[in-house]
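# Coordinate inspection notes
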2 protein chains.
Amino acid sequence: MRLFWERGYELTSINDLTRELGISAPSLYAAFGDKQALFDEAVARYEASPQSVTTAGKAGTSQREVLRAMFDRAVQEYASTAHPRGCLVNSEPKLEANRTQNCAITAARLREVAESAEMNNDADTLAAFAQVMLVGLSSYARDGANKEQLQRVAELALCVMGSPQQTEKIVP
Amino acid sequence: MRLFWERGYELTSINDLTRELGISAPSLYAAFGDKQALFDEAVARYEASPQSVTTAGKAGTSQREVLRAMFDRAVQEYASTAHPRGCLVNSEPKLEANRTQNCAITAARLREVAESAEMNNDADTLAAFAQVMLVGLSSYARDGANKEQLQRVAELALCVMGSPQQTEKIVP
DNA sequence: ACTGTTCTATAACGACTACTACAGAACGGT
DNA sequence: ACCGTTCTGTAGTAGTCGTTATAGAACAGT
């Protein structure tokens, strides 16, 4: 997972993988099938991580809070030095289907928390905007941006939701 | 340029290039040096194109108009079917330096048109936000988004600048 | 101790990579 | 018509790619 994450699919060779895993090629093929299957398992493991941005979207009770939770998680994770920079899914050309699905998941989540005051924000467009931000932030982190730089951009992006006071839930 | 644009550097082989150009490998090497040099020339040609997003940023007399011009151009170009989807520079991992430089160019342009009413928007952060949006939009287009989808996201992104009336230039 | 199974590593496969030595064709100048 | 230069294609370099056939080691059951 780490190797695919930092180099991408094409630039990660079986040789790199066997050296890193400490096993020989036939063992790798016996265990995983082929390179694509190993990659699929790595991606599945990545997406199942509790640190994933998608799972962060489950928090929050308003559209703004959902986006904030996702952006905060992205800022935290994409700039972390504990693992490769950026996002595996949002950086890898082979993972178009995953990005599209994540976008759909976000749109569904946004519809769940939609309030009358924010209904003017189309959930699909808002989810696409969030996905665009995440891909862009991942690239920005890969290009060397630190956590503070990511934070400022994410903060600015939240302006599309208006000020927090405007969208705060009004309990009757 | 077209091949690098649609497949990226690593996935474009000399064989692909010679077949497309209709010349043989030795001629290609005599003309361009090596693969990297040919790639550099292709990127230079791409960036010098009058359709480039960077040149679009030269228009506009306010920070908002500069961003709008860039986003409009991105929407127009990234979803065009006249050439590969998305952006060569913003999709290619090898071109980190180009992205960083484009970000600096945008920041400088934003400072030029800065007005007292918008000085609260830090030009560097705003340029980084624009760059993040462009990378994200490029990925979105590559993943299959059409012009209308890009347009809606770009429109939403402009909300960070407030409504047009607020930032419109006030002639004394 | 012997057998059958499971795991591992060495070594090789064919196909591809970027790149180039060399030979022949095409060309302009005299 | 001939020579020298420039260009082009054929063919090949060494290396890497993903993948696998094969042979030996480790191990459990009888």
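As the structure is a computational prediction, the values presented were derived from the model and not from experiment.

### Side note on the UniProt feature "DNA-binding region" (unreviewed entry) in chain A
Under the present numbering, the feature "DNA-binding region" (unreviewed entry) in UniProt falls on residues 13–32 of chain A. Helix makes up 80% of residues 13–32 of chain A and strand 0%, and the two end C-alpha atoms of the span are 15 Å apart.

### Re the interface of chain B and chain A
The interface of chain B with chain A comprises 23 residues on the first partner and 23 residues on the second. Buried surface at the junction of chain B and chain A, both sides included, amounts to about 2100 Å², of which 74% is carbon and sulfur. Of all residues in chain B, Val-132, Asp-143 and Leu-156 of chain B give up the largest surface area on contact with chain A, accounting jointly for 28% of the area buried on that side. At the boundary of chain B and chain A, one finds two salt bridges. Of all the secondary structure elements, the ones that give two or more residues to the side of chain B that touches chain A are helix H8 (96–112), helix H9 (123–142) and helix H10 (147–157) of chain B. Of all the elements, H9 of chain B adds the most residues to the side of chain B that touches chain A, at 11 residues. Among the residues making up the side of chain B that touches chain A, the classes are represented as 14 nonpolar, four polar and five charged.

### What to know about the packing of aromatic side chains
Applying the stated rule across the entire model yields eight aromatic pairs over all chains. Geometrically, the ring pair formed by Phe-4 of chain A and Phe-39 of chain A is edge-to-face, given 4.9 Å between the ring centres and 85° between the ring planes. Residue Phe-4 of chain A is found in helix H1 (residues 2–7), and its partner Phe-39 of chain A is found in helix H4 (residues 35–48); the two are separated by 35 residues along the sequence. Of the two residues, Phe-4 of chain A and Phe-39 of chain A, neither departs from the other in class, the shared state being buried. With a centroid separation of 4.9 Å and an interplanar angle of 85°, the aromatic rings of Trp-5 of chain B and Tyr-46 of chain B are classed as edge-to-face. Of the two residues, Trp-5 of chain B sits in helix H1 (residues 2–7) while Tyr-46 of chain B sits in helix H4 (residues 35–48), which places them 41 residues apart along the sequence. Each member of the pair, Trp-5 of chain B as well as Tyr-46 of chain B, carries the same accessibility label: buried. Feature note: the residues Phe-4, Tyr-9 and Phe-39 of chain A constitute an aromatic cluster, connected by ring pairs. Between Lys-94 of chain A and the ring centre of Tyr-9 of chain A, over which it is positioned, the NZ or CZ distance is 4.1 Å.

### A few points about the protein's contact with DNA strand D
Around DNA strand D, the surrounding shell consists of Thr-12, Ser-13, Ile-14, Asn-15, Ala-25, Pro-26, Tyr-29, Asp-34 and Lys-35 of chain A together with Ser-24, Pro-26 and Ser-27 of chain B. Near the protein, within 4 Å, the atoms of DNA strand D are sugar or phosphate in 63% of cases. One of the side-chain N or O atoms of Tyr-29 of chain A is found 2.7 Å from a phosphate oxygen in DNA strand D. At 2.7 Å from a phosphate oxygen of DNA strand D is found a side-chain nitrogen or oxygen belonging to Lys-35 of chain A.

### Things to note about the relation of the copies chain B and chain A
For the pair chain B and chain A, the best superposition has an RMSD of 0.0 Å and corresponds to a rotation of 180° with a translation of 0.0 Å parallel to the axis. Such a turn and shift between the copies fits a two-fold axis. Nearest to the rotation axis, the C-alpha of Gly-136 of chain B is located 2.2 Å from it, this being the minimum over chain B. Take the interface residues of chain B: 100% of them recur as interface residues in chain A, which is what a same-surface contact looks like.

### Describing the protein's contact with DNA strand C
DNA strand C sits among Ser-24, Pro-26 and Ser-27 of chain A together with Thr-12, Ser-13, Ile-14, Asn-15, Ala-25, Pro-26, Tyr-29, Asp-34 and Lys-35 of chain B. Of everything in DNA strand C that lies within 4 Å of the protein, sugar and phosphate atoms constitute 69%. Between DNA strand C and the protein, one listed contact pairs a phosphate oxygen with a side-chain N or O atom of Ser-24 of chain A at 3.0 Å. Contact distances for DNA strand C include 2.8 Å between a phosphate oxygen and a backbone N or O atom of Ile-14 of chain B. For the surface near DNA strand C, the secondary-structure elements that each account for two or more residues are helix H3 (25–32) of chain A together with helix H2 (14–21) and helix H3 (25–32) of chain B.

How each quantity is defined
- Residues numbered from 1 in each chain as written.
- Chains lettered and ligands numbered in written order.
- Predicted model: local features only at pLDDT ≥ 70, side-chain atom pairs only at ≥ 80, totals over all residues.
- Heavy atoms only, no water.
- UniProt positions renumbered as here; feature names shortened; annotations may be inferred.
- Helix = DSSP H or I, 4+ residues; strand = E, 2+ residues; numbered from the N terminus.
- Contact = heavy atoms within 4.5 Å.
- Buried area = accessible area lost by both parts, 1.4 Å probe.
- Salt bridge = Lys/Arg side-chain N within 4 Å of Asp/Glu carboxyl O.
- Nonpolar A, V, L, I, M, F, W, Y, C, P; charged D, E, K, R; others polar.
- Phe/Tyr/Trp six-rings, centres within 6.5 Å; stacked < 30°, edge-to-face > 60°.
- Buried < 20%, exposed > 50% of the residue type's maximum accessible area, 1.4 Å probe, protein only.
- Lys NZ or Arg CZ within 6 Å of the ring centre and 35° of its normal.
- Near = heavy atom within 4 Å.
- Polar contact = N/O pair within 3.5 Å; in protein donor to acceptor, adjacent residues only side chain to side chain.
- Least-squares fit on C-alpha atoms with pLDDT ≥ 70 in both.

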